[in-house]
Amino acid sequence: MSEAANDTMSTSEQPIVCEIHHLWTEFDKLVVHRNLDLTLRKGEVMALVGGSGSGKTTLLRHIIGLTQPSSGQIKLFGYVLGKLNRDQQRQLRNRFGMLFQHGALFSALNVFDNIAFPLRELHQFDEDTIHLLVMHKLALVELEPEHAQLLPAQLSGGMIKRVALARALVLEPELLFLDEPTAGLDPDRSEAFVELIQNLRRQLGLTVLFITHDVATLSALADRVAVLADQHIVANCPIEALGKVDHPFVRNFFHSVKQHLARLN
Ligand SMILES: Nc1ncnc2c1ncn2[C@@H]1O[C@H](COP(=O)(O)OP(=O)(O)OP(=O)(O)O)[C@@H](O)[C@H]1O
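For the protein chain, the name recorded in an unreviewed UniProt entry is Phospholipid/cholesterol/gamma-HCH transport system ATP-binding protein, with Novimethylophilus kurashikiensis as its organism.

A. The arrangement of the side chain of T182 in detail. Relative to the elements of secondary structure, T182 occurs in the loop between β7 (175-179) and α6 (187-204). Beyond its immediate chain neighbours, meaning those up to four positions away, T182 contacts K161, S190, F193, V194, T212, D214 and T217.

B. A look at the packing of aromatic side chains. According to the stated counting rule, one finds three aromatic pairs in the structure shown. Ring geometry for F106 and F117: centres 4.6 Å apart, planes at 45°, overall tilted. One end of the pair, F106, is in the loop between β6 (96-99) and α3 (111-122); the other, F117, is in helix α3, and 11 residues separate them in sequence. Their ring planes at 10° and their centres at 6.1 Å tell us that F249 and F253 sit as a pair that is stacked. Linking F249 with F253, this pair stays in helix α8 (residues 248-264), spanning four residues, or about one helical turn. Taking the ring centre of F77 as reference, the NZ or CZ of R95 above it sits at 3.9 Å.

C. Broad picture of empty space enclosed by the protein. Within the structure shown, the criterion is met by one cavity of 30 Å³ or more. In terms of lining residues, the largest cavity is bounded by V45, I197, Q198, R201, V208 and L221. With three residues, α6 is the largest single contributor of residues to the lining of the largest cavity. Here the lining of the largest cavity is composed, by residue class, of four nonpolar, one polar and one charged.

D. View of the pairing of strand β8 (residues 207-211). Most of β8 is tucked away, with five of its five residues classed as buried. Burial along β8 is two-sided: the residues T207, L209 and I211 and V208 and F210 are all buried. With four bridges connecting them, strand β3 (residues 45-50) and β8 associate as parallel partners. Across the sheet, residue V45 finds its bridge partner in β8, namely V208. For β7 and β8, the ladder comprises five bridges, and the chain directions are parallel. Of the residues in β8, the one forming a bridge with L176 is V208. For the crossover that starts at β7, traverses α6 and ends in the parallel β8, the hand is right-handed.

E. Just the nonpolar core, in detail. One finds L165, L218 and L242 to be the most contacted residues of the largest nonpolar core, which totals 52 residues. Here this core gets seven residues from one element, more than from any other, and that element is helix α5 (residues 157-169). Here L218 is in contact with A47, V49, F210, T212, V225, I239, F253 and V257, once residues within four sequence places are set aside.

How each quantity is defined
Residues numbered from 1 in each chain as written. Predicted model: local features only at pLDDT ≥ 70, side-chain atom pairs only at ≥ 80, totals over all residues. Heavy atoms only, no water. Helix = DSSP H or I, 4+ residues; strand = E, 2+ residues; numbered from the N terminus. Contact = heavy atoms within 4.5 Å. Phe/Tyr/Trp six-rings, centres within 6.5 Å; stacked < 30°, edge-to-face > 60°. Lys NZ or Arg CZ within 6 Å of the ring centre and 35° of its normal. 1 Å grid on protein atoms, 1.4 Å probe; cavity = no way out; pocket = protein on both sides within 12 Å on 5 of 7 lines; lining within 4 Å. Points joined across faces, edges and corners; volume = space filled by probe spheres on them. Nonpolar A, V, L, I, M, F, W, Y, C, P; charged D, E, K, R; others polar. Buried < 20%, exposed > 50% of the residue type's maximum accessible area, 1.4 Å probe, protein only. Pairing = 2+ DSSP bridges. Right-handed = clockwise from strand over helix to strand, strands pointing away. Core = buried A, V, L, I, M, F, W, Y, C linked by side-chain atoms within 4.5 Å.

See below:
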């Protein structure tokens, strides 16, 4: 269980941040989501797990409004996606940050300009303020000021994730989405990145939804685990409670979690 889990035992009384009802996604004849429901509350750190191709990234893309489901409803902070005017969309967009699996940094922009990008798009801040905000976020993700001038091609995998995280945090979002935050990192870097997210969660009180295949990342970070299988959420509970769920994917998955926890003890 994550060390922050005790602090969030009362999250069942917290406001709902993201609510998904009766969601269907179909690509031609392929049904990816069938009547899927999911609720995420303020302050929760939820892992979304499922087999390869089960529809995790597609779901995340729907939640952040990059793509639309075939039917069903997604509410973020109480707003129904698809029913917002441009201003509301922009305001909503500024309340969450997204860390894409491979960082999705702009290769032609240096670290500073990558992190500054969402700020400059707002047209609200002068360059002195942007400088302060960017350098603050760089320090927050434990990178050095001199890293600001480097191009993405000059960064290690772990540094790319940190810069992408700084960019995701630059507008001070309440909600953070992470797609495979530790994929591609060696175990040491992966552990360091998990620690960074734990620290940020404590400092910023973030709500987090993250996709992972990595049992170590999941065990260290998640308060709850939502399991996507058979086109819908078959379990949504604290890690320990997964053992009570009678589903073949969940059984196998829980077995790997237990093995991991046994290795730690
Ligand atoms: N735009 C699209 N058009 C057609 N099929 C798609 C599209 N996007 C995703 N799919 C299909 O939807 C299914 C779910 O894909 P998705 O990437 O969401 O799975 P995932 O659970 O994130 O997988 P992984 O863990 O391997 O990253 C896959 O079969 C994929 O091929």
